[in-house]
Amino acid sequence: MNLSAPQVITWVVGVILGLMGILIHLDVMSVPALEDLIRPFWLVSAGFDILAISNVVRRL
């Protein structure tokens, strides 16, 4: 399996999603619009999935 580095924008989006999920879970940050829609676990999972998929798929 050939892995490739993710593009900068993909990496930034994945890291921001993960950090938002962690900070919301620790009650350091609050985003009222997201609190009713999605749990912090799913934000962290989405960030991790974006980073993992972008390593496998070229030019993502």
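In what follows, the structure referred to is the one given above.
Analysis parameters
Residues numbered from 1 in each chain as written. Predicted model: local features only at pLDDT ≥ 70, side-chain atom pairs only at ≥ 80, totals over all residues. Heavy atoms only, no water. Helix = DSSP H or I, 4+ residues; strand = E, 2+ residues; numbered from the N terminus. Buried < 20%, exposed > 50% of the residue type's maximum accessible area, 1.4 Å probe, protein only. Contact = heavy atoms within 4.5 Å. Areas by Shrake-Rupley, 256 points an atom, 1.4 Å probe, with all protein chains shown as cover. Expected span 1.5 Å × (residues − 1). Phe/Tyr/Trp six-rings, centres within 6.5 Å; stacked < 30°, edge-to-face > 60°. Polar contact = N/O pair within 3.5 Å; in protein donor to acceptor, adjacent residues only side chain to side chain.

## Looking at the overall build of the protein
Move 1: Assigned secondary structure in the protein consists of three helices and zero strands.
Move 2: In the protein, the order of α-helices and β-strands from amino to carboxyl end is α-α-α.
Move 3: Along the longest, intermediate and shortest principal axes, the C-alpha atoms of the protein span 40 × 15 × 15 Å.
Move 4: The burial tally for the protein puts 20% of its 60 residues in the buried class.
Move 5: If you take every contact in the protein between residues at least 6 apart in sequence, the share linking residues at least 24 apart comes to 68%.
Move 6: Accessible surface, the protein as shown: approximately 4700 Å² in total, 69% of it carbon and sulfur.

## With respect to helix H1 (residues 8–25)
Move 1: A rise of 1.5 Å per residue sets the reference length of H1, with its 18 residues, at 26 Å; its end C-alpha atoms lie 26 Å apart and thus fit the reference within 8%.
Move 2: Looking at the packing, one finds that the buried side of H1 touches helix H2 (32–35) and helix H3 (40–56).
Move 3: The positive-phi residue at the C-terminal boundary of H1 is Asp27, with phi of around 60°.

## Section: H3
Move 1: Between its first and last C-alpha atoms H3 spans 25 Å; for 17 residues at 1.5 Å apiece the expected length is 24 Å, and the two agree.
Move 2: Of all the positions in H3, only Leu43, Ser45, Gly47 and Ser54 are classed as buried.
Move 3: For H3, the elements touching its buried residues are H1 and H2.

## Things to note about the packing of aromatic side chains
Move 1: As enumerated under the stated definition, the model contains one aromatic pair in all.
Move 2: Ring geometry for Phe41 versus Trp42: centroids 4.8 Å apart, planes at 75°, classification edge-to-face. The same class applies to Phe41 and to Trp42, which are both exposed.

## Notes on the side chain of Ser54
Move 1: With respect to the secondary-structure elements, Ser54 resides in helix H3.
Move 2: Its relative accessible area of 0% is what places Ser54 among the buried residues.
Move 3: A polar contact of 2.9 Å, which involves the side chain of Ser54, links it to the backbone oxygen of Leu51.
Move 4: Apart from residues lying up to four places away in sequence, Ser54 is in contact with Ser4, Pro6, Thr10 and Leu60.

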